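# Structural features, examined
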Amino acid sequence: MKKILAIGNSFSQDATALIELLTDQLYVRNLYIGGCSLKQHCENLGKNAYEYQHNGERCENRSISLKEALLKEHWDYVTVQQVSGEAGREETYYPYLTQLLEYIKTHTEAQIIFHQTWAYETGSPHPDFAYYDYDQNKMAKDILYVTASVCDRENLKIIRCGEMISRLRKHDFFNISKGGISLCRDSFHLSFNYGRFAASAVWIKFFTGEIPDYLNRDDLSEGYNIIKEELNL
């Protein structure tokens with residue numbers, strides 16, 4: 001079983017909440033502070049500032065530090081990410097990403113992976129959407145470009161959740177402008193059904209090389225068939 005620690009926020013919570021319900025090959029824990037950026041992660045070094053989560057819910061009745069979390073298990077992988085609104089703005093990554101990576105490496109030999117987040121839903125009132133002119137396509141393209149640039153520079157592999165959500169939105173079923181179902185529950189966090197499932201499936205395929213067994217059923221609804229189709233590309 002591979003052990004993964006996600007250092008993130010509500011977006012890593014969304015992406016990891018269903019993983020252990022869909023596979024028995026991964027052990028996943030999430031370090032959660034809502035809306036936490038790379039800068040804030042660095043400011044929190046040494047502080048008991050994080051909620052330690054399992055399946056998207058608190059699993060300890062106290063807050064812990066990043067160091068404590070890194071030493072809790074023999075992690076195979078640790079994931080990092082930028083807060084959603086700044087994910088497509090390269091100037092927000094430094095010097096914080098470098099500092100965070102160096103700190104992680106002092107406490108674990110785990111491989112560090114970058115978790116790519118997704119663009120907001122069209123029409124989202126999120127204030128950070130203004131950075132992208134309230135344009136979903138622009139936000140998606142900026143996230144794609146910046147994560148590729150940063151991860152090439154830092155030699156990090158990418159869990160491409162943002163790309164997956166963008167591909168799904170090209171299908172009428174998930175295109176709200178054509179009457180489809182939104183992959184978000186509040187215009188930026190993922191929906192509890194298709195959205196979270198899709199992100200968790202991307203993580204599962206990334207770490208195991210396989211799609212969730214659930215998608216091998218013969219009675220899948222249209223939405224899950226689309227997710228299966230995109231995962232198999």
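Shown above is the structure to which this text applies.
What counts and what doesn't
- Residues numbered from 1 in each chain as written.
- Predicted model: local features only at pLDDT ≥ 70, side-chain atom pairs only at ≥ 80, totals over all residues.
- Heavy atoms only, no water.
- Helix = DSSP H or I, 4+ residues; strand = E, 2+ residues; numbered from the N terminus.
- Buried < 20%, exposed > 50% of the residue type's maximum accessible area, 1.4 Å probe, protein only.
- Polar contact = N/O pair within 3.5 Å; in protein donor to acceptor, adjacent residues only side chain to side chain.
- Contact = heavy atoms within 4.5 Å.
- Pairing = 2+ DSSP bridges.
- Phe/Tyr/Trp six-rings, centres within 6.5 Å; stacked < 30°, edge-to-face > 60°.

This part takes up the side chain of Q82. Tracing the backbone through its elements, the reader meets Q82 in the loop between β5 (77-80) and α5 (96-107). Classification of Q82 as buried rests on a relative accessible area of 2%. A distance of 3.0 Å separates the side chain of Q82 from the backbone nitrogen of L38, its partner in a polar contact. Looking at Q82, its side chain comes within polar contact range of the side chain of T92, at 3.0 Å.

For A199, the location among the structural elements is in helix α8 (residues 194-208). Those residues in contact with A199 that sit more than four places away from it in its chain are A15, C161 and L190.

Turning our attention to the sheet that holds β5. Taken together, seven strands build an open sheet; the order of strands is β4-β3-β2-β1-β5-β6-β7 and the sheet is mixed. Lying at the two open borders of the sheet, with one neighbouring strand each, are β4 (57-58) and β7 (157-160). By the bridge criterion, four bridges tie strand β6 (residues 111-116) to β7 in an arrangement that is parallel. By the bridge assignment, I113 is partnered in β7 with K157.

Taken across its seven residues, strand β2 (residues 26-32) has six buried, putting it largely inside the fold. Two strands pair when backbone bridges link them, and β2 and strand β3 (residues 51-54) are joined in this way by three bridges, in the antiparallel orientation. By the bridge assignment for β3, N30 is matched with Q53.

Time to look at the packing of aromatic side chains. Within the structure shown, the criterion is met by 17 aromatic pairs. Ring centres of Y214 and Y224 lie 5.5 Å apart, and the angle between their planes is 75°; this geometry places the pair in the edge-to-face category. In this pair, Y214 is assigned in the loop between α8 and α9 (222-231) and Y224 in helix α9, connecting sequence segments 10 residues apart. Using a relative accessible area of 32% as the deciding quantity, one classes Y214 as partly exposed.

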